[in-house]
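A look at the structure
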Amino acid sequence: MDLHLKNLFDRFQEQFGSGPGLGPGSGTCLMKVEGISSNFIKPLFKASAALYRTEPWRRLRPGHLFGVRVGKDSDWSGKKQPFPCSQFIGGDGGDIGFYMFRSENDAKKMTGLRETIRVPNVELLRVTYELETLMFPSNRKMIKSLTLEASGNDRFPVIDVARCTSSGELQFRNPTLEELKFVYAFMRAISLVHPLLQADKESGPNWTRLISFDPFIETVDIQWPSEMARGHELVAVTISHPPGQAYEEKISSTTSSTPTKYAEPPDEVTFMDIRVNSNSSSIHCAMCEKEVHGDQSLCCGRCRAVVYCTSLCQKQHWKESHKSMCGLYKAMMEREEELVMKIFMFPCSAAQPCKWLESLGIHQKGMWRRKCSCYSHCPFGLLPVKGGLWDSWGGLDDEEYPGDLPFHNQLRDGISSPILLSGWSEYYNLRSLSLSSPVADILSHPLTVYHILTALSINTKNLLLKGKEVILHYLGPEGEMDWMPAFSEISHLLNGLGNIQIIMVGPEVPTNLSGTTSGISSRVRVNLVRGVYQEEATYLPSPHVIVALNCALDRYSSWGGALDLIKAIGVPAFFTEQSEILCANAKQVLRGAGLHITHPVTPNPFRSPVKNHDSSTNLPSYSNGFVLGVNA
C-alpha cells in the first residue's frame, strides 16, 4: 500500500505545474494495437526520441499551431488526413508532449491561455513523455521486452486518443495502426523542420511571451519503416505554420538578385533598363560575354535573371533567344527563396570566396584551399597535406567538423544497416554539429554520392543492404581529389554494412596519381584514373552506377563519347548541375544522345548551402544543386 501511495504522490508531483495538458498517460499500450508488430514499434519510439532531442518546447507553445499533411488524402481512411493540426504542450510547465487534432477549429477550441479546455465530443491524439517509473506496468513491460529507445534520459512516449464526454470526463482508446503511421511521419518531419522557423520580431504585442513566427511551409520526404512501406518507401510530409499555408508564387528575391525596380517584359520596340544590385565580382553579358561590373549591368525587367552590358545587347538577345526563355527564367527566379537553406548560421553567399573563407577563419587552410583561386597553380589532388583531420578541416572547433568516429545507436531491428538521411538537418543532428559549421559545402560531394547510392538508385541500395560491394564510376573529378578526408564519412554512414569502390576517371587526374588506390576507410576505397571515360572504361571493372557531379554537360564536347558509352552499357547514371537552367540544358543534351531520363530534375537535399550566381545571369546556383538520372 505504501508503494501505491508513493506512486500516486510521484504522479501528482510530475503533473504539478501551470501548463496546459490533459493529465498523465491513460495506460494504453501499443502492443494491444490491432495489426502492429515490434518492427514498427521500434522505429516509432526511435522517431519519438529523435524529436525529443530537438527540444521543440524551448520555443514552441500551444498557441503555435502547425498544419500537417502526409502524402495524399486518398492514402487515408475516409479520404482525408487523420490529424491535420498539431501543437506542442509543456513549454510553460505541465505535461511535455504534443497533441494532434482533427481540425484547426478543434485545436483552437481546446487551447486556452493557461490550460487545455475540455470540449465535448472533440477527439485528439496525444503523445506525452513520461518517466518510466511512473508508467503503467504494461508499458514498462513492452519497453523492456523490445528494448525500446528512450527519449531523453529516462522518458518514453505514451500515445493514446482522448475524447471528452458531454459531462466533462475523458475517455481514452488505443490509436489505430493507421493513426500511428500518421504520427510517425509527423514526428520525423517536424523534428527536421521546426528549427527552420524564423521569429517575426515586428509582429505581436510587446507584453506577450509568445514568440511570433513568420509564416512557414516546408515539405520533406520521409522514409517509412520496412513494416509500413508496402512498395512506397518515401512519403512527402508538409508542415505549415500557421495551418492552411499554401505554396505561393514568390514575388520578391534576395538583395543580390533583385533590381531596384520592375518592368514589363521588353518587346521589340520598348525596353526598360533595370540596374542590377549584385555583389558578384565577375558578371558577363549574356549576349556578348563582356565582363561588366554590377553597378553598370542591366537585366531583363520581367525575369530579372539575364544580365547585359548595354541596352543594345539586351534588344539583340531578346530577338535571338531570350524571348522564348524569359518565362522559364522568371519561374526559376521565383524559386530562389524556396531553395535557400535557412537552417545554417554561417554566411551562405560565396560571390567572393576569399572574403567568405576569411570571415570563417579557414582561408588557405586544409581542404578549403580548393574553394578559392589562391591555390589554382597547384594541380588537383596535389595540395600539400599536413597533420590530421583537424588540419584537413582548417582547424575548425571540435563541434564544427565530423570526427573520424562511427554513428552510435544506429541499429535497425537490432542489426546494423546503412543510415538513410533526408537532408542536412538530420545529418547535422546525428553528428551533433553546430549549425555555424560550413562543412556542408565540402561534404556536399560525398553525401550527394551517398544519397544517390541509397535513395535514388534501387539496385545499389539493395546491394548495400545485403552487405555487398558497389562499384561506382565517378566522372570528371577535380577538387574532390583533395577532399578524400570528407569522403571517409561515407564509410561511417554505411554503418558496418556493404562496401563501395569509387573509380574516379577524368583528364584532371595528375599523371603521377593515375592508377593509385586510396583506402580512405575500411569500407570505401578510391581509384584514380587519368583520361576520358570512353577511352578508359574498357579497362575498368563494370560499374553498378555512374555519377558526374557539377558536370556542365552542355559546355564540354568531350561528353559526347561518354554519353554514347553510358547508353550502350545501359548502366544507371546520375548527373548534378548547379542551377535549374543548367539542368534544363543538360536534359536537352541527354535526350539528344538518345538517353531516357528516368529520374527527373529535383533539388538535391545535400546540395551545398553556399549560393553563387551564374556569370551571365542572376539565377542562383549551388554546388550539386539539382540531380537528374538516366537508365535508372
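Positions within a chain are numbered from 1, following the residues in the order the chain's sequence is written. Local features are withheld for residues below a pLDDT of 70 in this predicted model, meaning they are given only at 70 or higher, and side-chain atom pairs are given and counted only at 80 or more; totals for whole chains, interfaces and linings count all residues. The basis for every side-chain value is the complete set of heavy atoms in the structure, and neither hydrogens nor water enter the calculation.

**Let's talk about the overall build of the protein**
Which entries qualify depends on this criterion: Secondary structure follows DSSP: runs of H or I at least 4 residues long count as helices, runs of E at least 2 residues long count as strands, and numbering of each begins at the N terminus. Exposed residues in this analysis have more than 50% of their type's maximum accessible area, buried residues have under 20%, and partly exposed residues fall in between, with area computed by a 1.4 Å probe over protein chains only. Pairs of residues are marked as contacts when any of their non-hydrogen atoms sit within 4.5 Å. Note that accessible areas follow from Shrake-Rupley with a 1.4 Å probe, and for residues the cover is restricted to the protein chains shown.
Across its full length, the protein carries 18 helices and 25 strands. Burial statistics for the protein: of 632 residues in total, 51% are counted as buried. Of all intrachain contacts in the protein linking residues separated by at least 6 positions in sequence, the fraction that spans at least 24 positions is 69%. If you sum the accessible surface of the protein, you get close to 28700 Å²; carbon and sulfur atoms cover 50% of it.

**Observations regarding the nonpolar core**
To keep it simple, the criterion reads: Throughout this description, the term nonpolar core refers to a set of buried Ala, Val, Leu, Ile, Met, Phe, Trp, Tyr and Cys residues connected via side-chain atoms within 4.5 Å. Residue ranges for the domains originate in an automatic or database domain assignment.
Formed by 115 residues in total, the largest nonpolar core has its most connected members in F98, W393, W424 and I502. Among the elements that make up this core, the one with the highest residue count is helix α5 (residues 177-193) (twelve residues). Counting contributing residues, this core receives three or more from each of domain 1 (23-198 + 215-241) and domain 3 (421-630). If near-sequence neighbours (up to four positions away) are discounted, I502 is found in contact with L472, Y474, F487, I490, V524, R525, V526 and N527. In terms of nonpolar packing, the next biggest core, distinct from the first, is built from 30 residues, C551, A573, A593 and V630 among them.

**Digging into helix α2 (residues 38-53)**
It helps to recall that an α-helix has 3.6 residues per turn; residues three or four apart then point in one direction. The test is simple: By this rule, a helix spans an expected 1.5 Å times one less than how many residues it contains.
Compared with the 22 Å implied by 1.5 Å per residue over 16 residues, the 23 Å span of α2 between its first and last C-alpha is a close match. Those residues of α2 not exposed but buried are F40, I41, P43, L44, F45, A47, S48, A49, A50, L51 and Y52. Backbone geometry just after α2 places E55 at a positive phi near 50°.

**Considering the confidence of the model for the protein**
For clarity, the threshold we go by: A residue's pLDDT is simply how confident the predictor is in it, with values from 0 to 100.
Residues at a pLDDT of 70 or more form 86% of the protein, whose mean pLDDT is 83. The spread of mean pLDDT over the elements of the protein runs between strand β9 (residues 274-275), the lowest at 44, and strand β20 (residues 545-548), the highest at 98. Low pLDDT, under 50, characterises residues 204-208; the predicted model gives this stretch one contact beyond four residues in sequence or across chains. Across residues 247-281, where pLDDT falls below 50, the model places 83 contacts with residues more than four positions away in sequence or in other chains.

**Observations regarding the pattern of salt bridges**
Side-chain pairing between opposite charges can occur once the charged atoms of the two side chains come close. We apply this condition: For this analysis, a salt bridge means a side-chain nitrogen from Lys or Arg found within 4 Å of a carboxyl oxygen belonging to Asp or Glu.
For the structure on display, the rule yields 15 salt bridges. E489 serves as the salt-bridge partner of R431, at 2.7 Å between the closest nitrogen and oxygen. One end of the pair, R431, is in helix α11 (residues 424-431); the other, E489, is in helix α15 (residues 489-494), and 58 residues separate them in sequence. The burial state of R431 is the same as that of E489; both residues are buried. The shortest N-O distance in the salt bridge between R525 and E469 comes to 3.0 Å. Placement of R525 in strand β19 (residues 524-530) and of E469 in strand β16 (residues 469-475) is noted, with a sequence separation of 56 residues between them. With relative accessibility at 30%, the residue E469 sits in the partly exposed group. Among the charged side chains, a salt-bridge network with shared partners connects R102, E123, R173 and E179.

**Looking at the sheet that holds strand β3 (residues 97-101)**
Stated precisely, the cut-off is as follows: The pairing criterion for strands is at least two bridges between them, as found by DSSP. Only the stretch in contact is used when fitting a helix axis, every axis being a line fitted to C-alpha atoms; angles between N-to-C directions are given from 0 to 180 degrees.
Taken in spatial order, the eight strands make up an open sheet running β6-β5-β4-β3-β2-β1-β8-β7, and their pairing is antiparallel. Each end of this open sheet is capped by a strand with a single partner; those strands are β6 (170-173) and β7 (216-223). On average, each strand axis in the sheet is tilted by 30° relative to the strand beside it, whichever way the strands run. For β7 and strand β8 (residues 234-241), the ladder comprises eight bridges, and the chain directions are antiparallel. For D221, the partnering residue across the bridge sits in β8 and is A236. Against the sheet, α5 contacts β1 (66-70), β2 (85-89), β3, β4 (123-131), β5 (155-164), β6, β7 and β8, and its axis sits at roughly 120° relative to β7.

**Considering α5**
Across its 17 residues, α5 extends 25 Å between first and last C-alpha, which sits within 8% of the 24 Å expected from 1.5 Å per residue. Counted residue by residue, α5 has 16 buried out of 17 residues, so it is predominantly covered.

**Observations regarding the sheet that holds strand β17 (residues 499-506)**
Within the open sheet, the eight strands sit side by side as β18-β19-β17-β16-β20-β21-β25-β22. Their pairing is mixed. Looking along the sheet, the strands with just one partner apiece sit at the ends: β18 (517-518) and β22 (597-603). Bridge count between β16 and β17: seven bridges; the pairing is parallel. What sits directly across from H473, in β17, is I503. Running at roughly 130° to β16, helix α12 (residues 440-456) makes contact with β16, β17, β20, β21 (573-577), β22 and β25 (626-630) of the sheet.

**What about the packing of α2 against α5?**
Heads up, the rule is: Each crossing gets its hand from how the near helix is turned against the far one by less than a right angle, where anticlockwise is left-handed and clockwise is right-handed. Any residue outside Ala, Val, Leu, Ile, Met, Phe, Trp, Tyr, Cys, Pro, Asp, Glu, Lys and Arg is labelled polar, Gly included; the first ten of those are nonpolar and the last four are charged.
For the pair α2 and α5, interaxial distance at closest approach is 9 Å and the crossing angle is 35°. Along this stretch, α2 crosses α5, giving a crossing that reads as left-handed. Between α2, through F40, P43, L44, A47, S48, A50 and L51, and α5, the contact on the second element is made entirely by L177, L180, K181, V183, Y184, M187, R188, I190 and S191. Per-class residue counts for the contact of α2 with α5 are twelve nonpolar, two polar and two charged.

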